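Now for the letters of each chain:
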Amino acid sequence: MKSREQEYKEIFIAEALEYFDALNRHISDLEKRPQDDQLLAEIFRLLHNLKANAKAIGYLRISDVSHKLETAFSLIRNRELQFSDEVVTVLFEGVDLLGELIHNIDNENYGEPDPVLLRNLDIIVDNLSDSTIELAKVRRYNTSKNLSLSELVYIQIKKLDHLLNLVGELVIDRDRIVSISRELENDELKVVSSHLNRITEDLQYSIMDARLVSIGSLFNKFPRIVRDIATAEKKEVDLTLAGHDIQIDRNILQIITDSLLHLVRNAITHGIEKPEQRIKKGKPATGKLSLVARNDRENVQIQLTDDGRGIDLSQVRKAIVDRNLLSNAAVEHLPDTEALSYLFEPGFSLAKEVTEFSGRGVGLDVVKNAVDSIGGRIRVDSKKGVGTTFTLQLPTSIAVKGALLFEVDEIFYAIPLIHTEQVVAMEVSELHEVGGVLVADVLGETITVVYLHELLNVKEQEINFGDKTKLKGLVQNIIIVSYNNRKLGLIVDKLYRQQDIVVKPLNKPLDTIDLYGGVTLLGSGSVCLVLDVPAITRYFISKRQTIAAE
Amino acid sequence: MPTKKDKGQATPALPADELTPATTNGKEEADKGKVNEPLLHLIVFKLGAEYYGIKIEQVKEVTVTPAITRMPRTPDFVKGVANIRGDIIAIMDLEERFRIRPEPAESENGVTYTLVIEAKEYSIGVVVREVPQSLNLTVSKLDKTPSFLQDIAVQENYIEGIAKVDNRLIIVLDMYKILSGDEIRQLSS
């Protein structure tokens, strides 16, 4: 495995060579059409980018030469320097020098660039159109240099999507072949299938790796955005970023871009106070906003923290009651984390109630939906007067997910591990019927438990969540899932193993069924339904409310 | 996408002259038509007691029904999903969909067949009890506007016409309209 640094370097070189090729092309064109402003602008842009990239990665010579050339071209653009024969020669030589420097990045024996050429560049830059100064003759660079093609190819994300789908199918067939070969007991087949197994895995991870981008590509857009919003809001905000190098699937990053922007905007407009208010509260005038990415097991965690006014929990509780989501009594005993989770409820946009005081809740359900759609999780923590933190837990890759396989009523199901908290086995006697549902004490926490068969298969009018007699057997396997800070125990008939699965999205017309996040094919070839935990939780809550209303 | 036809399981069960097994390439069959009038090539199957037809262009494949995984909490006409050559396809029960009373007689040995249909926006599988047949008929034999159809609201009109072949009545379905917008919405609720 190459180090990230090595990879960055290779990307830089490949890009730089591309710039170099483009520069050569444009500058030759420019020689024929010196008045073409568009060409000039393009050359200018290329040099500018090259300079910035080289500087960022620490190749100062390249950035230095680019800078000189850039200056020269800006003079030409401003008509302060004639694109005359002499100048052209020097510029061509300058571009050649750039190419040479790029080619020799790794060559330790490469000495200093030709000082005469550098001086010539300085002369045309410094002396403007003063042509009296003699440009020294430079030894021509060897023009018969090897032609080389770029090390980098651009590829449409669509093509990578397609590759990923194909490899997903391959993995499924691979599993199938591996399980068949195990049954057949044929040594030759076993050898082939184990080799196939390895290669497929390699292929899968290579394709996943090809789709990864660093989070920095998104984070780097925020300093400017934060500055603009803060200026418009007349606030002082200091943004810290960390974890640029964390890698994540490009499509996942794309999907959460808007959400992150939304949260950042919220944090500045509603979270962070105006300087005078902050000083009154004894806080520094400049608000702190931090956006941090880190790897968390197989996932990527993005945390957005502000030190603003925080969320007023009593206002949230009041809003929950006002909106008839819970009764007064229930709200009082609601743990803080659960109360906060109501902020993500659709329509809980509290614009009137909460926004004036703590300013959250606007469109948070949209953010949540985006995170849900890629199988991620979002959590909010807040302390009034101290600040708010949003934590997004995102899968690194769309395609492969760790999942728990189980069976209910002879149908195979899977639940992505990102939504599972723990698995417990409990005797029926440990389950208690309370208020029409079953509850269980799991490590000191009272958790609502539901028999999945009851939730999924019993006629909707006949559902009875509290009926223990329907449970088969003495010991029940319960998968505790968590969604929006609320835990729910799902009783399953048979619990199988933990496995990496490739989720295939459902095709039309089934794609609108939100109970299922997709399907996966098991090694046996049978179809396994992937349950969508957010949708299952919502379905349970709505059914429970319907029953309670009757 | 090439039209795949599952050979070997289509033995003519209908005693009609123009019925041929649903295995051969539809275009060639159509070209061999004896009249110059354009031909309509249908795949014919039985729902309830009646014969129904779908234009061959809309049928991607005919296969023995694979194992179907039931999908709880979907409308009754969705039998579930099946893995057909790596594609996960929704399997529909059109008898349920059209509220057709099923024939009491089950197919022998319990084998059913699935027509994989490619409509504009979706692929679905349709389960039928008997081996589907292939049928050529001239376009003029299709009555596109039987009077009874004119009473039905347009969005309900999944019937494209009625064809009469050898005293047999075949209801030609417009597969693009089989799932109405309403039903697709019903799926998501």
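First, a word on what this report is: a plain description of the structure on this page. (Residues numbered from 1 in each chain as written. Chains lettered and ligands numbered in written order. Predicted model: local features only at pLDDT ≥ 70, side-chain atom pairs only at ≥ 80, totals over all residues.)

**A word on the overall build of chain A**
Secondary structure assignment for chain A yields 18 helices and 18 strands. Sorting the 550 residues of chain A into buried and exposed places 35% on the buried side. Within chain A, residue pairs in contact and separated by at least 24 positions form 66% of the contacts whose partners lie at least 6 positions apart. (Helix = DSSP H or I, 4+ residues; strand = E, 2+ residues; numbered from the N terminus. Buried ≥ 20, exposed ≤ 12 C-beta atoms within 10 Å, placed from the backbone. Contact = placed C-beta atoms within 7 Å.)

**Section: the pairing of strand 17 (residues 516-521) of chain A**
Residue and element names in this part refer to chain A. The element strand 17 is extensively covered by neighbouring structure, given that six of its six residues are classed as buried. Here strand 17 runs beside strand 18 (residues 527-531); their pairing, made up of five bridges, is antiparallel. Counted as the bridge partner of Gly-518 is Val-530 from strand 18. (Pairing = 2+ DSSP bridges.)

**Structural notes on the nonpolar core**
Counting residues in each nonpolar core, the largest one holds 93 residues, and the members touching the most others are Tyr413(A), Val450(A), Val81(B) and Leu115(B). At seven residues, the largest contribution of residues to this core is made by strand 2 (residues 39-47) of chain B. Looking at which domains feed residues into this core, each of domain 2 (157-210) and domain 4 (400-549) of chain A supplies at least three. In this structure, Val81(B) is in contact with Leu510(A), Val519(A), Val527(A), Thr69(B), Met71(B), Ile88(B), Ile89(B), Ala90(B) and Ile91(B), ignoring residues within four places of it in sequence. Ranked by size, the runner-up nonpolar core spans 43 residues in total, among them Phe219(A), Val226(A), Ala230(A) and Ile398(A). (Core = buried A, V, L, I, M, F, W, Y, C linked by C-beta atoms within 7 Å. Domains from an automatic or database assignment.)

**Description of helix 3 (residues 60-77) of chain A**
Since the α-helix packs 3.6 residues into each turn, any two residues three or four apart lie on the same face. Residue and element names in this part refer to chain A. With 18 residues, helix 3 should cover 26 Å at 1.5 Å per step; its first-to-last C-alpha distance of 25 Å lies within 8% of that length. All of the buried residues along helix 3 are Ile-62, Ser-63, Val-65, Ser-66, His-67, Lys-68, Leu-69, Glu-70, Ala-72, Phe-73 and Ile-76. As for helix 3, its buried residues are in contact with helix 2 (37-57), helix 4 (85-103) and helix 5 (115-126). Just downstream of helix 3 lies Arg-79, where phi reads positive at about 60°. (Expected span 1.5 Å × (residues − 1).)

**Observations regarding the packing of helix 2 of chain A against helix 3 of chain A**
Each pair of packed helices can be summarised by the angle the axes make with each other and by the distance between the axes. Residues and elements named next belong to chain A. Here helix 2 crosses helix 3 at 155°, and the two axes come no closer than 8 Å. Considering their axes alone, helix 2 and helix 3 lie roughly antiparallel with respect to each other. The way helix 2 lies across helix 3 gives a crossing that is left-handed. On the side of helix 2, the interface is formed by Leu-40, Ile-43, Phe-44, Leu-47, His-48, Leu-50, Lys-51, Ala-54 and Lys-55, while helix 3 contributes Ile-62, Ser-63, Ser-66, His-67, Leu-69, Glu-70, Phe-73, Ser-74, Ile-76 and Arg-77. Taken together, the residues of the contact of helix 2 with helix 3 sort by class into 10 nonpolar, five polar and four charged. (Axes fitted to C-alpha atoms, helices over the stretch in contact; angles between N-to-C directions. Parallel < 35°, antiparallel > 145°, perpendicular 65-115°, else oblique. Left-handed = near helix turned anticlockwise from the far one by under 90°. Nonpolar A, V, L, I, M, F, W, Y, C, P; charged D, E, K, R; others polar.)

**Digging into the environment of Asp372(A)**
Along the polypeptide, Asp372(A) turns up in helix 16 (residues 364-373). Sequence separation between Asp372(A) and Leu394(A) is 22 residues; the distance between their C-alpha atoms is 9.4 Å.

**Describing the interface of chain B and chain A**
The interface is formed by 20 residues belonging to chain B together with 21 residues belonging to chain A. Counted by class, the side of chain B that touches chain A contains 11 nonpolar, six polar and three charged residues.

**Looking at the sheet that holds strand 13 (residues 445-451) of chain A**
All names here are of chain A. Taken together, six strands build an open sheet; the order of strands is 10-14-15-13-12-11 and the sheet is mixed. Lying at the two open borders of the sheet, with one neighbouring strand each, are strand 10 (420-427) and strand 11 (431-434). The average undirected angle you get between the axes of adjacent strands in this sheet is 35°. Those strands touched by helix 18 (residues 533-549) are strand 12 (437-442), strand 13, strand 14 (475-483) and strand 15 (486-492), and its axis lies near 105° from that of strand 14.

**Some points on the sheet that holds strand 7 (residues 387-395) of chain A**
Residue and element names in this part refer to chain A. Spatially, 2-4-5-7-6 is the arrangement adopted by the five strands of the open sheet, whose pairing is mixed. Taken across any chain shown, the strands that pair with only one partner, and hence form the sheet edges, are strand 2 (237-242) and strand 6 (377-383). In this sheet, adjacent strand axes meet at a mean angle of 10° when their direction is disregarded. Across six bridges, strand 2 lies against strand 4 (residues 287-296) in parallel orientation.

**So, the packing of helix 4 of chain A against helix 5 of chain A**
Residues and elements named next belong to chain A. At their nearest, the axes of helix 4 and helix 5 sit 10 Å apart, and the two run at 130° to each other. Between helix 4 and helix 5, the angle is such that the two are oblique. With respect to the hand of their crossing, helix 4 and helix 5 are arranged in left-handed fashion. Counted together, Val-87, Val-90, Glu-93, Gly-94 and Leu-97 of helix 4 and Leu-117, Asn-120, Leu-121 and Ile-124 of helix 5 form the full contact between these two elements. Residues of the contact of helix 4 with helix 5, tallied by class, amount to six nonpolar, two polar and one charged.

**Some words on helix 6 (residues 157-184) of chain A**
Residue and element names in this part refer to chain A. If you check helix 6, its first and last C-alpha atoms are 40 Å apart, about what 28 residues at 1.5 Å a residue would give, namely 40 Å. Among all positions of helix 6, only Leu-164, Val-167, Gly-168, Val-171, Ile-172, Arg-174, Asp-175 and Ser-181 are buried. Buried residues in helix 6 make contact with helix 7 (187-210), strand 16 (494-502) and strand 17. Positioned one or two residues after helix 6, Glu-185 has a phi angle of 60°, which is positive.

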